[in-house]
Each structure stands twice: as C-alpha cells, then as structure tokens.
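The residues making up each chain are set out below.
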Amino acid sequence: MAIKTPRPQNGGDLSADNMHNKRLGAKGEAQARRYLRLHGWKILEKNFKSPFGEVDIIARKGEVTAFIEVKTRLTDNFGAPSQAVTKQRQRRYIMGARYYFANREIGCTVRFDIIEIYRGQLKHIENAFRDSSRYAH
C-alpha cells in the first residue's frame, strides 16, 4: 500500500525552498507591522483573504487606509523586492480593496503601498500604485 504525501491547497509546494520562503515572508510581514505601529499606523487586518487573493496588511493612519504588500528578499537575484509586485498583483490588491469596502463605508483615502525588506533593511513605498479604473473613488 502506497503512502500518500499530503498535498497543499491552492497548488502550493511543500519543498524546503518554499517553506523557507514562507518563513522569510512571515518574518518580513511581522517586521513591517512593527514598523507601521511605531509610525502611528493601526493594523486593521493581516493576511486578509478575498476571492481575489490575500492582502498582507491593511492599516489605517488618520484618514488614510493603506493596503500594503510586503516583499522580503535576501538577494537581488530577481531585482528589488518591489519589482515583484506585477500589474496582475496590483489588480488583485485593488480588487481586494473593493471587496474589503463592499459592505463598509469608505470615508477615507485609500492607498496602495509596498513595504520592501531587503537584507533586513525596510523601505516603505507610499502610493506605490493606484486604482486608475473608472470605478476608483
């Protein structure tokens, strides 16, 4: 009788590299949350799931609600961390923000930021991309 290896959901990968990347990503997200709190942001959601994908952090400061993608890298083999936020990823974040506000009053400025962490150094890129569709508020 063959023993079945558990298969991760959503086409995931159980490889050592993937597990390392997940741990690195979780560590980077925790560092980003600490940074945001130190700079006066209130974390509203972490790892917010929508039908369009996951938003790493949703945070609010004053009248601004930011949907924040966190990218963590140890090397620049694939370019700067923020370069990994493709147009497709940006669209997922925009749709995720619309989903988040579907049954809530917006009443704030909505912004899309990227926090990149490269070799432990954090860079907060405000207004990294915009919702330029005709449905933008």
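Structure: above.
Some points on the overall build of the protein
Step number 1: The helix and strand inventory of the protein stands at 2 helices and 5 strands.
Step number 2: Listing every helix and strand of the protein by position from the N terminus yields α-β-β-β-α-β-β.
Step number 3: In the protein, buried positions account for 34% of the 137 residues.
Step number 4: Nonlocal contacts in the protein, meaning residues at least 24 apart in sequence, comprise 54% of its contacts between residues at least 6 apart.

As for the side chain of Arg33
Step number 1: Relative to the assigned elements, Arg33 resides in helix 1 (residues 16-38).
Step number 2: One buried charge, Arg33, has no salt-bridge partner; the nearest side chain with opposite charge is Glu29, at 4.4 Å.
Step number 3: Once residues lying within four places of it in the same chain are set aside, the contact partners of Arg33 are Ile43, Lys46 and Ile57.

Comments concerning the side chain of Glu29
Step number 1: Residue placement: Glu29 occurs in helix 1.
Step number 2: Polar side-chain contacts of Glu29 include one of 2.9 Å to the side chain of Asn47.

Let's talk about the sheet that holds strand 2 (residues 53-61)
Step number 1: Taken in spatial order, the 5 strands of this open sheet run 1-2-3-4-5, and their pairing is mixed. Two strands bound the open sheet, and with one partner strand each, they are strand 1 (42-50) and strand 5 (121-129). Each strand of the sheet is rotated relative to its neighbour by a mean of 30°, with strand direction disregarded.
Step number 2: Bridge count between strand 4 (residues 109-118) and strand 5: 6 bridges; the pairing is antiparallel. Along strand 5, the bridge assignment pairs Glu116 with Lys123.

Parameters and conventions
- Residues numbered from 1 in each chain as written.
- Predicted model: local features only at pLDDT ≥ 70, side-chain atom pairs only at ≥ 80, totals over all residues.
- Heavy atoms only, no water.
- Helix = DSSP H or I, 4+ residues; strand = E, 2+ residues; numbered from the N terminus.
- Buried < 20%, exposed > 50% of the residue type's maximum accessible area, 1.4 Å probe, protein only.
- Contact = heavy atoms within 4.5 Å.
- Lys, Arg positive; Asp, Glu negative; His and termini not counted.
- Salt bridge = Lys/Arg side-chain N within 4 Å of Asp/Glu carboxyl O.
- Polar contact = N/O pair within 3.5 Å; in protein donor to acceptor, adjacent residues only side chain to side chain.
- Pairing = 2+ DSSP bridges.
- Axes fitted to C-alpha atoms, helices over the stretch in contact; angles between N-to-C directions.

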